[in-house]
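Residue-level listing of the chains:
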Amino acid sequence: MTLKRLEMHGFKSFAKKVVFDFSAPVTAIVGPNGSGKSNVVEAIRFVLGEQSTKSMRSKTGADLIFKGSKQIGKMNRASVAITFDNTKRIFNLPAMDDQNLPLDFDEITISREVHMDGGNKYSLNGNEVRLKDVHELIASVNIGSSGHHIISQGEADRLLNSKPAERREMLEESLGLKLYHYRIKDAERKLEKTREHVREAESLRRELAPHIKFLKKQVEKIEKARELEIALADLYTNYLVQEQSLLARKKFETDSALQKLTNELSHVEEKLKQLGSDESEDQVKQEESVLVSIRNHIRELSRTRDDLGRQIGRVEGMIESATRIIPARQGVVSVTISEIETLISELESDASISVSEIIKKLKLYIVDKKGSPQTQISVDTSEFETTKRELESQIAGLDAEIAKQEQEIVSVENKMAETRAMHLDRERGFYEAQAQRSDIVSRRNILENTTNELKNRAENLRDEYGHAENLVGSSVVDLKNKFLNEQVAIDEQGLRTMHHEIERVKIRLEDMGGGGGGDIMQEFDETVTRDQFLEKEITDLTNALMTLESTIKDLKEKLGSEFKNGITKINKEFDIFFKLMFGGGDAKLDVVTIEKRKKKELDEEGNEIISDEEDDQEEKEQGIDIDVSLPRKKVKDLDMLSGGERSLTSIALLFALSQVNPPPFLVLDETDAALDEVNSQKYGDMIENLAKQTQLVVVTHNRETMSRADILYGVTLGSDDASTLLSIRFEEAVKVAK
Ligand code: ATP
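The structure displayed is predicted, hence computed values, not measured ones. (Residues numbered from 1 in each chain as written. Predicted model: local features only at pLDDT ≥ 70, side-chain atom pairs only at ≥ 80, totals over all residues. Heavy atoms only, no water.)

*Asks:* Which residues make up the overall build of the protein, and what values go with them?
*Replies:* Each helix and strand in the protein was counted, giving 17 helices and 14 strands. Among the 738 residues that make up the protein, the fraction classed as buried is 40%. Contacts spanning at least 24 positions in sequence make up 77% of the contacts within the protein whose residues lie at least 6 apart. As displayed, the protein has an accessible area near 41900 Å², and 50% of this comes from carbon and sulfur atoms. (Helix = DSSP H or I, 4+ residues; strand = E, 2+ residues; numbered from the N terminus. Buried < 20%, exposed > 50% of the residue type's maximum accessible area, 1.4 Å probe, protein only. Contact = heavy atoms within 4.5 Å. Areas by Shrake-Rupley, 256 points an atom, 1.4 Å probe, with all protein chains shown as cover.)

*Asks:* Before we move on, can you summarise the site of the ligand with the specific residues and values?
*Replies:* If you check the shell around the ligand, you find 18 residues, and the closest are Asn33, Gly34, Lys37, Ser38 and Arg57. One of the backbone nitrogen or oxygen atoms of Asn39 is found 2.9 Å away from an oxygen atom of the ligand. The side chain of Arg57 places a nitrogen or oxygen atom 2.9 Å from an oxygen atom of the ligand. Burial of the ligand by the protein chains amounts to 75% of its free accessible area of 650 Å². Per-class residue counts for the shell around the ligand are 3 nonpolar, 9 polar and 6 charged. (Near = heavy atom within 4 Å. Polar contact = N/O pair within 3.5 Å; in protein donor to acceptor, adjacent residues only side chain to side chain. Nonpolar A, V, L, I, M, F, W, Y, C, P; charged D, E, K, R; others polar.)

*Asks:* An account of the sheet that holds strand 14 (residues 723-728) is needed here, citing residue identities and associated values.
*Replies:* One open sheet holds the 6 strands; their spatial order is 8-11-12-3-13-14, and the pairing between them is mixed. Only two strands of the sheet have a single partner each, and these edge strands are strand 8 (150-151) and strand 14. Bridge count between strand 3 (residues 26-30) and strand 13 (residues 711-717): 4 bridges; the pairing is parallel. For Val30, the partnering residue across the bridge sits in strand 13 and is Gly714. (Pairing = 2+ DSSP bridges.)

*Asks:* Outline the pattern of salt bridges, listing residues and values.
*Replies:* Counting across every chain of the model gives 55 salt bridges. Between Lys251 and Asp255 there is a salt bridge, and its shortest N-O distance comes to 2.9 Å. One end of the pair, Lys251, and the other, Asp255, are both in helix 5 (residues 178-276), 4 residues apart, so they sit about a helical turn from each other. Under the relative-accessibility criterion, Lys251 is labelled partly exposed at 47%. (Salt bridge = Lys/Arg side-chain N within 4 Å of Asp/Glu carboxyl O.)

*Asks:* Before we move on, could you go through a negative patch on the surface and cite the residues and values that matter?
*Replies:* Judged by side-chain charge, Glu279, Glu281, Asp282 and Glu427 come together as a negatively charged surface patch. Along the polypeptide, Asp282 turns up in helix 6 (residues 280-325). (Patch = residues over 30% accessible without salt bridge, like charges linked within 9 Å, V, L, I, M, F, W, Y side chains within 5 Å. Lys, Arg positive; Asp, Glu negative; His and termini not counted. Charge placed at Lys NZ, Arg CZ, Asp CG, Glu CD.)

*Asks:* Quick rundown of the sheet that holds strand 5 (residues 107-115)? Include the residues and the values.
*Replies:* Taken in spatial order, the 6 strands make up an open sheet running 2-1-4-5-6-7, and their pairing is antiparallel. The open sheet is flanked by strand 2 (18-21) and strand 7 (127-129), the only strands paired with a single partner. Recorded for the sheet is a direction-independent mean angle of 20° between the axes of neighbouring strands. Bridge count for strand 6 (residues 120-124) against strand 7 is 3 bridges, and the pairing is antiparallel. Note on strand 7: the bridge partner recorded for Tyr122 is Val129. Packing of helix 1 (residues 37-47) onto the sheet brings it into contact with strand 1 (3-9), strand 2, strand 4 (77-85), strand 5 and strand 6, and relative to strand 4 it is tilted by some 80°. Across the sheet, helix 2 (residues 131-139) lies against strand 5, strand 6 and strand 7, angled at about 140° from strand 5, the strand it touches most. (Axes fitted to C-alpha atoms, helices over the stretch in contact; angles between N-to-C directions.)

*Asks:* I'd like to hear about the nonpolar core, residue by residue, with values.
*Replies:* Core analysis: the largest hydrophobic core is formed by 71 residues, its most contacted members being Phe574, Leu589, Phe655 and Leu668. Ranked by residues supplied to this core, first place goes to helix 12 (residues 518-582) with 18 residues. In this structure, Met8, Ile65, Leu103 and Phe665 belong to the second largest nonpolar core, which totals 47 residues. (Core = buried A, V, L, I, M, F, W, Y, C linked by side-chain atoms within 4.5 Å.)

*Asks:* How would you sum up unusual backbone geometry? Please name residues and give values.
*Replies:* Look at Asn125: it is not a glycine, yet its phi comes out positive at around 50°. The phi dihedral of Glu670 falls on the positive side, at around 55°, and the residue is not glycine. Among the structural elements, Glu670 can be located in the loop between strand 11 (665-669) and helix 15 (677-690). Taking relative accessible area as the criterion, Glu670 reaches 13% and is therefore assigned buried.

*Asks:* Break down the packing of helix 12 against helix 14 (residues 643-660) for me, with residues and values.
*Replies:* Two elements in contact, helix 12 and helix 14, have axes separated by 8 Å at closest approach and are oriented at 135°. Considering the angle they form, helix 12 stands oblique to helix 14. The hand of the helix 12/helix 14 crossing is right-handed. Residues Gly566, Lys569, Ile570, Glu573, Phe574, Phe577, Phe578, Met581 and Phe582 of helix 12 touch helix 14, and the partners they reach there are Glu645, Leu648, Thr649, Ile651, Ala652, Leu653, Phe655, Ala656, Leu657, Gln659 and Val660. Classifying every residue of the contact of helix 12 with helix 14 gives 14 nonpolar, 3 polar and 3 charged. (Parallel < 35°, antiparallel > 145°, perpendicular 65-115°, else oblique. Left-handed = near helix turned anticlockwise from the far one by under 90°.)

*Asks:* Let's hear about the side chain of Glu287: which residues, and what values?
*Replies:* Inspection of the secondary structure assignment puts Glu287 in helix 6. Of the side chains with opposite charge, Lys415 comes closest to the buried, unpaired Glu287, at an N-O distance of 4.5 Å.

*Asks:* Lay out the pairing of strand 13 with the relevant residues and their values.
*Replies:* Among the 7 residues in strand 13, 5 count as buried, and that is most of the element. Looking at chain direction, strand 13 and strand 14 are connected through 6 bridges and run antiparallel. Bridged to Tyr713 within strand 14 is Ser727. Between strand 13 and strand 14, which pair antiparallel and follow one another directly, the connecting turn spans 5 residues, one of which, Asp721, has a positive phi of 65°.

*Asks:* Go over the side chain of Thr83 with me, naming the residues and quoting the values.
*Replies:* Locating Thr83 in the fold gives a position in strand 4. Ignoring sequence-local partners within four residues, the contact set of Thr83 consists of Thr2, Leu3, Lys4, Arg5, Glu107, Ile108 and Thr109.

*Asks:* Go over helix 4 (residues 164-174), please, and point to the residues and values.
*Replies:* Taken across its 11 residues, helix 4 has 8 buried, putting it largely inside the fold. Looking at helix 4, one finds that the buried residues are Ala165, Arg167, Arg168, Met170, Leu171, Glu172, Glu173 and Ser174. The inward-facing, buried residues of helix 4 abut helix 3 (158-161), helix 5, helix 12, strand 9 (586-595), strand 10 (620-629) and helix 14. Once helix 4 finishes, Gly176 follows within two positions and takes phi at roughly 75°, a positive value.

*Asks:* Before we move on, can you summarise the packing of helix 4 against helix 12 with the specific residues and values?
*Replies:* Direction vectors running N to C along helix 4 and helix 12 enclose 90°, while the axes themselves pass 10 Å from each other. Relative to helix 12, the element helix 4 is oriented roughly perpendicular. Contacts between helix 4 and helix 12 pair Arg168, Leu171 and Glu172 from the former with Leu559, Phe563, Ile567 and Ile570 from the latter. Looking at the contact of helix 4 with helix 12 residue by residue, the class counts come to 5 nonpolar, no polar and 2 charged.

*Asks:* Now, about the pairing of strand 12 (residues 695-699): what can you tell me, with residues and values included?
*Replies:* Of all 5 residues making up strand 12, 5 are buried, and the element is well covered by its neighbours. Residues of strand 12 alternate between two faces, with Gln695, Val697 and Val699 on one and Leu696 and Val698 on the opposite face, all of them buried. One ladder, built from 4 bridges, connects strand 3 with strand 12; its direction is parallel. The partner of Thr27 across the bridge, within strand 12, is Val697. As paired elements, strand 11 and strand 12 share 5 bridges and run parallel to each other. Bridging from a neighbouring strand, Leu668 pairs with Val698 of strand 12. Crossover handedness for the path strand 11 to helix 15 to strand 12: right-handed. (Right-handed = clockwise from strand over helix to strand, strands pointing away.)

*Asks:* Please set out helix 9 (residues 382-472) residue by residue, giving values where relevant.
*Replies:* Taking 1.5 Å of rise per residue, 91 residues should cover 135 Å, and helix 9 covers 130 Å from first to last C-alpha, within 8% of that figure. Directly after helix 9, the chain includes Gly473, whose backbone phi takes a positive value near 100°. (Expected span 1.5 Å × (residues − 1).)

*Asks:* Break down the environment of Glu107 for me, with residues and values.
*Replies:* The topology assignment puts Glu107 in strand 5. A sequence separation of 16 residues divides Glu107 from Phe91, and the C-alpha atoms of the two residues are 9.7 Å apart. Those residues in contact with Glu107 that lie beyond four places of it in its chain are Lys4, Arg5, Thr83, Phe84, Asn86 and Asn125. Here Lys4 takes part through its side chain, which lies 2.9 Å from a polar atom of the side chain of Glu107. Only 3.3 Å separates the side chain of Glu107 from the side chain of Arg5, close enough to count as a polar contact.

The quantities given are spatial measurements derived from coordinates; they are silent on function.
This is how it looks when you write it as structure tokens:
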């Protein structure tokens, strides 16, 4: 037994919870009219996901909830649970990517609740699931919501009344092919969604394209600018290093030269100081005055010498006179010594007397003596000789002194010449030193200018570092320390050329709008990544589309072939059941192709759109015609059959379906209503036969049918206007049914 239980609570007339136990092949539900038997059948439809409230004789979902009676208040929800035996794991859905229902249980209970607001809730073994899950689940065990296995009251000939296309659907369901439809629909939905995604992705790519194009141009510009930046960094590196090295070298050279000049200058200053304090002039003057005094002294000595000479002359005269008187007394005047001494002292007393005066005095003295009588003079000359010798010795002394003094003059004059020569040397040295000093000072000025220039250049270099840092980043600044001591050979001209190149590159960079552009690069990368992502997505989606299309094609092919096979099998059974029911005749189903009226698609202006995509196949569909010929009757048109004949034909077909692909259970609500006694018996036989494969739940007033049931449930409407359930025996059932 597959169908195990049905629980209802608050569903329609079943206010209180009731449980139907279907543990036998045939269960009959009996009861008086209006007691709620059909509500049980509808409860089964409901719990299996029926969406048409109309087929449950209601307008809204709320109509399915017990409305209340005098005794029992109205309820807020209706719930139904149906339990199947799954020990044979009949519920076994083919794995679908989005399905993961827990089915590995011995019992499968599907429940559904409806609330006053019309909201529904579905559960599988207590876990909430989607309606879709319920549909697929029951389709997998060959029961479906369209109801080929649930024949409601008065719907026994539904298959006969239906249009060919509807019949096909019902037959497909009975053949268990509904699942293919779900799969196809699912795949088609996915296909449409995927197409939509492809369209979206393509549209996004189209939108991105001009943006990428724009960004690419920007990026190319930025890359060019970056190349220039790198070139600029290189140039800067070279330039800064070399300029810095050059400046350092020049500074060193200038400082050394300045130091040297300072030393030289201090030497020269020292020299000038020394040469500036010249004492030679004083010395010359002093020496000149020494010369004058020596010369005066010589003159004095000469005068004294002359005096002495004259004295000698006089003494010599006296000696001569004395000598002449004695030998030749003629003309001789006798003069005494004392007289001569008196004369000498007279002459001596007058120091300033000139020689002529002396001669004059002496002549007068002689004249005086000549007038006197000749006097006998006795002359002694030794005294005169002594005096003369003394005088001559004095003169010799004076001559020696004069010679000495003259010697002194020569020595002083030599010294003076020396001093003068020294003075000249000094003067020459002084002027030379002065010239040297001014040369040093002017050279120093030049060097100081150079130092200032170097300072300016060093400041410019610092500024240049700043610019470089701004333009090409801080790495340049590191050079300051890195290359400080590096010796780089470069000349000024080379540096100027480099600086010129730097300025040129800077201008080009400025024209390009400078470096940077990190945001643009990032945006470009992101946009390209996005575009590539979309491109890949389109490829993936296109592959998915192809897979889906081929899946749909496969499913459709399989559906087509299985349907064809199924119809062949059904026809075989249908013919047997038909013959059994009517005691002869023929019945078969024909697969017909019907023109499907294609909905005309209209454009905005109301013109018909002719689509190339849809092929002819989609405008046609398959349908089922029922072809019967009753024994001994020429009637072939279904519409011309009597009510009983229609019922018998329907039952034959219904049973044929159940024979070919037995559903786990079949619910028949008063399908036997129109049968006469003979046919009721045949019906009863068939039910017993059918029950060997399919569990049957029959709602019936038919005694014959009741007699074939294993379990009988009596449904009555209690005094509280709610349906109640009782398990009864056959005899009671006959009574209850009435
Ligand atoms: P018959 O033998 O004539 O076919 P039945 O036993 O099949 O009768 P049902 O049609 O199942 O009877 O039951 C109909 C009864 O259910 C009616 O009396 C109706 O008032 C009652 N009913 C239907 N919906 C509700 C509801 N929402 N609340 C209470 N009672 C309801």
